[in-house]
Every structure is written in C-alpha cells, then in structure tokens.
Amino acid sequence: MDLGQPEEHALLKATVRGFIRTHLRPLEATVDRDDDVDPQVLQSLRAEAMKLGLYGYNMPVELGGPGLSIAAQCVIDEEVGHTSMPLGETLGHLPGSIRFSNDEQRQWFVRPLMEAKTTVAYALTEPSAGSDLSAIRTHAVRVDGGWKLNGDKHFISNMEHADHVIVLAVTDREAPLKGKLSTFIVERRNPGLVFTRRFRKLGWHGYHLAAFSLDDCFVPDSHVLGQPGQGFQAMMATINNDRLFVAARCVGIAQALLDLAIPHVKQRITFGKPLAEHQAIQFALADTDVELDAARLLVRKAAALGDASHPEFRIAASRAKLYASEMGGRVADRVLQIFGGDGFMTDLPVERFYRDVRGFRIGEGTSEMQRIQIARSILA
Ligand SMILES: Cc1cc2nc3c(=O)[nH]c(=O)nc-3n(C[C@H](O)[C@H](O)[C@H](O)COP(=O)(O)OP(=O)(O)OC[C@H]3O[C@@H](n4cnc5c(N)ncnc54)[C@H](O)[C@@H]3O)c2cc1C
C-alpha cells in the first residue's frame, strides 16, 4: 500500500532508477576503488541529468529548478541512496542558501549552476567549529568595495573542483548568533583562497573533502549572499530539508542492501538448505524490514509536515535523520554478516554501503545534535 503517494512519485522513482542503472551503476566500483573520478566524467553525467529535467531537483522554480514538493525530493533522494555519493551528486542537490541570491547573482552565479555548467561547495565547518557553529573564527572585515576574509575551513565537500565556494564568516563579533555571520560567494580561483589539503577517509570514495584557508581574500560587495548579518538565516533556511535528504538517502541505502540480501539468502546453501530457511537469517531480515519501514514513514511524515509548512517539520526532520542514519548502519552491519566473507570483499557493493552510510551520522548535524534538538522539544 502506498499511503496515498501521488502517481508522479512512481514516475520520478522510475526515472531516477533508470538513470542510475544506465549511467551510474557501471562506474560505481571503479570510482570507489580509485577513490577518484574524472571531473569531465562528472560533467557529462550532470549533462545527462539535465536532459531528464532532474538537475538541481531541490531548487524552486524561481531559481530555475523543477519546484518539486519536499515529498517528491525525498523520493529522488531515496533512489540516489542506491548509488555512491560522488555519482549521486551528479543529480545536483544544491545548497539551499542560494535561495538568498539577488537578481544580479541569479544571472552570473545561479544560472550557470542550474545549467550544470559550474559547481559550488558549501563551507561552514572549521577546525575549531563543527557542531558548534557559534565558534566560527573565519571573519570578514569591511574594506573599500567589499570584504577581506581570513580563516580556515575543513571537511568541505567537493571544493577542489568547484567554481564557487559559499563561505560562512563572522562579520560582527559583538552581535548575537542571528546577526553575527554573513555568507560570501568566493570564486575558487580567487588568489586569497588557498587549497591546503584533501582528506583520506573511510567511505564516500571519489567524493573529496578538502581544507582551505582564506588569506586576506578580497570578496566584492556583489558577492555577499543575502544581507550582511543574514548568514545564520541563510544556513538555517533549508537545514530541515537537508536533514531529511540525508534520512531519505539512508533509507535508499538500507533498501539497496535488502535488495542485495534477498536473492542471496535464497540461493546460498548452508547445512543443506538455503540461508533463507535458517531462522536466525529470517529474524535479521524481518528486523531490517521493520526498521526500514519505520524510517521511510518518518521521512514521509516529515516531508508532509514540510510541504504543509508545519512548525513541527523541524523536529520531524531531526527524528527522521537520527533514526534513518542509525538504522542504515544497523542494516549495513546485518546484511554484511548475512553475506559472510562475500560481504567483506570488494567484489560486492555491500562493504561500500557499510562504509558510506557511516558518514551520514556525522554530516548535516550529528546524531547527538539531533538528540539534543528532540530532547529540548519534548521537554519544552
Ligand atoms: C562526509 C562528510 C562531509 C562533510 N561535508 C561538509 C561540507 O560540505 N561543508 C561543511 O561545512 N562541513 C562538512 N562536513 C563537516 C560536518 O558538518 C562536521 O563534521 C559535523 O558538523 C561535526 O562537526 P565536528 O566534526 O567538528 O565534530 P564536533 O563538533 O567536534 O563533535 C565531536 C563529537 O562530539 C559530539 N558533540 C559535540 N557537542 C556535543 C554536545 N553538546 N553534546 C553531546 N555531544 C556533542 C558530536 O555529536 C560528535 O559526535 C562534512 C563532514 C563529513 C563527515
């Protein structure tokens, strides 16, 4: 039973699934093994996603996006969970803060981004500020015609090859958090933006996280996103959607793992019968089925609240993100165990999902940050 999911969701799902099967699946193992992917290949995949009208699928119509409901975006994100992180990004999930762009910025910044001609990275995290963004030290001071930025950012996804980096910086140290920060669009080629390193990491191979410093980096007034002092608001504008997108991806990963496990347990014989006939394996599958359904329902509930602009959307998105990302880890562990030695080997994508799903308990607000929000809400 589909609980009243609109017909176009089935079409979206089939379209994304077809795109992944045809264009992305053949590359997944190589990209993961090489921990790299040619930016030209990514560019041509973005062009393919453009042809389907899917690129920038989380963007509103006024920015050139398809203006999909949050529920429809979650359908896409769940399907994207079936592929790897670097390849899934070719569908163009773009930073929500670009909604703060003005008419002029929409011409030179947003339009080429939406046409998949350029890419953007989003830089909040610093060595001394991750969960606690009030500790951000990167600062911008006013100079003639613009701002001068100094500071260090790290763990920034896809910044190496991006054309622009959206940077959050302190512009008023004395102001409360809501007025303290501003958002800047920094050209990647700006000589004041210095790439410092790429991180090696557990999963998300081929999807690079990097560090950079801003060294007296001049940014003109035309490159301030929103008003000075609106950085916090720009960051918060789509934080709930982004948490929900993580939750939906984790549902997709868990579904992909279950889809791999079912034919395997029917075919693999131990002690004279298929794995599927051993009760311990049946219980593992049953637990996976229940947890997956629960996570999917949390995602759908949060999406419905978001589409209705309901005030409970924020907590519903936190619940979905917390539960789905942790559920994804449990399912990956269980399915790897069901596959035995095969699960540990790189011939199958099981171990890749096992590694990749872990990152989702950290990015877009850690599990602990979600628990803090949920606890505050129920105690209030
Ligand atoms: C794969 C990946 C991609 C990323 N991409 C980006 C990106 O594109 N742009 C960007 O800006 N950042 C990015 N990040 C950074 C990410 O947002 C931060 O890692 C995350 O916010 C956590 O910050 P931190 O690593 O500094 O951990 P910390 O904030 O130092 O926290 C360490 C641990 O302590 C816990 N903790 C902290 N405070 C409390 C508390 N009060 N109570 C209980 N527990 C607490 C945290 O939950 C965590 O488990 C990415 C990270 C990863 C892993």
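Residues numbered from 1 in each chain as written. Predicted model: local features only at pLDDT ≥ 70, side-chain atom pairs only at ≥ 80, totals over all residues. Heavy atoms only, no water.

Participant: Even after reading the chapter, I still don't get the packing of helix α8 (residues 239–267) against helix α12 (residues 350–358), so can you show me in this structure?
Facilitator: Two packed helices can be described by the angle between their axes and the distance between those axes. At a minimum axis distance of 11 Å, the contact between α8 and α12 shows a crossing angle of 160°. It follows that α8 is roughly antiparallel to α12 by the angle criterion. Considering the relative orientation of α8 and α12, their crossing is left-handed. In this structure, α8 contributes Cys250, Ile253, Ala256, Leu257 and Leu260 to the contact, and α12 contributes Val350, Phe353 and Val357. (Axes fitted to C-alpha atoms, helices over the stretch in contact; angles between N-to-C directions. Helix = DSSP H or I, 4+ residues; strand = E, 2+ residues; numbered from the N terminus. Parallel < 35°, antiparallel > 145°, perpendicular 65-115°, else oblique. Left-handed = near helix turned anticlockwise from the far one by under 90°. Contact = heavy atoms within 4.5 Å.)

Participant: It is not clear to me how the site of the ligand should be interpreted in this structure. Could you clarify?
Facilitator: Residues in contact with the ligand amount to 16 residues; listed here are only the nearest, Leu124, Thr125, Ser131, Thr366 and Glu368. The separation between a nitrogen atom of the ligand and a polar main-chain atom of tyrosine 122 is 2.8 Å. A distance of 2.6 Å separates an oxygen atom of the ligand from a polar atom in the side chain of threonine 366. Surface burial for the ligand is 61%, taken as the share of its 970 Å² of free accessible area covered by protein chains. Counting residues per element, the ones that place at least two in the shell around the ligand are β1 (120–123), β3 (146–157) and α13 (367–379). Residue composition of the shell around the ligand, by class: 10 nonpolar, five polar and one charged. (Near = heavy atom within 4 Å. Polar contact = N/O pair within 3.5 Å; in protein donor to acceptor, adjacent residues only side chain to side chain. Areas by Shrake-Rupley, 256 points an atom, 1.4 Å probe, with all protein chains shown as cover. Nonpolar A, V, L, I, M, F, W, Y, C, P; charged D, E, K, R; others polar.)

Participant: Can you help me understand helix α3 (residues 70–80) in this one?
Facilitator: Because each turn of an α-helix spans 3.6 residues, side chains separated by three or four positions in sequence point in the same direction. Most of α3 is tucked away, with 10 of its 11 residues classed as buried. Among the residues making up α3, those that are buried are Ile70, Ala72, Gln73, Cys74, Val75, Ile76, Asp77, Glu78, Glu79 and Val80. (Buried < 20%, exposed > 50% of the residue type's maximum accessible area, 1.4 Å probe, protein only.)

Participant: I'm lost on the pattern of salt bridges in this one. Help?
Facilitator: Close approach of charged atoms allows side chains of opposite charge to pair. In the structure shown here, the tally under the stated rule is 21 salt bridges. We note a salt bridge from arginine 17 to glutamate 79, for which the minimum N-O separation is 2.8 Å. Taken together, the residues span a long stretch of sequence, with arginine 17 in helix α1 (residues 7–34) and glutamate 79 in helix α3 at a distance of 62 residues. Note on arginine 17: relative accessible area 33%, which makes it partly exposed. Arginine 352 is the salt-bridge partner of aspartate 356, the closest N and O atoms lying 4.0 Å from each other. Placement of the pair is aspartate 356 and arginine 352 together in helix α12, with a separation of four residues, close to one helical turn. (Salt bridge = Lys/Arg side-chain N within 4 Å of Asp/Glu carboxyl O.)

Participant: Is there a simple way to think about empty space enclosed by the protein in this case?
Facilitator: The rolling of a water-molecule-sized probe over the atoms marks out the regions of remaining empty space. This model, assessed by the stated rule, comprises three cavities of 30 Å³ or more. Val80, Gly81, Thr83, Ser84, Met85, Arg249, Ile253, Asp356 and Phe360 together form the lining of the largest cavity. Looking at the lining of the largest cavity, its residues break down into four nonpolar, three polar and two charged. One number sums up the size of the second largest cavity: a volume of about 50 Å³. In this structure, the second largest cavity is lined by Asn58, Gln73, His93, Leu94, Gly96, Arg99, Thr238, Asn241 and Asp242. (1 Å grid on protein atoms, 1.4 Å probe; cavity = no way out; pocket = protein on both sides within 12 Å on 5 of 7 lines; lining within 4 Å. Points joined across faces, edges and corners; volume = space filled by probe spheres on them.)

Participant: Please clarify how the side chain of lysine 153 should be interpreted in this entry.
Facilitator: By the secondary structure assignment, lysine 153 is in strand β3. Owing to a relative accessible area of 1%, lysine 153 belongs among the buried residues under this scheme. Engagement of the side chain of lysine 153 in a polar contact is seen with the backbone oxygen of leucine 168, the distance being 2.8 Å. With residues up to four places along the chain from it excluded, the contact list for lysine 153 reads Ala123, Leu124, Thr125, Glu126, Ile136, Thr138, Val167, Leu168, Ala210, Ala211 and Phe212.

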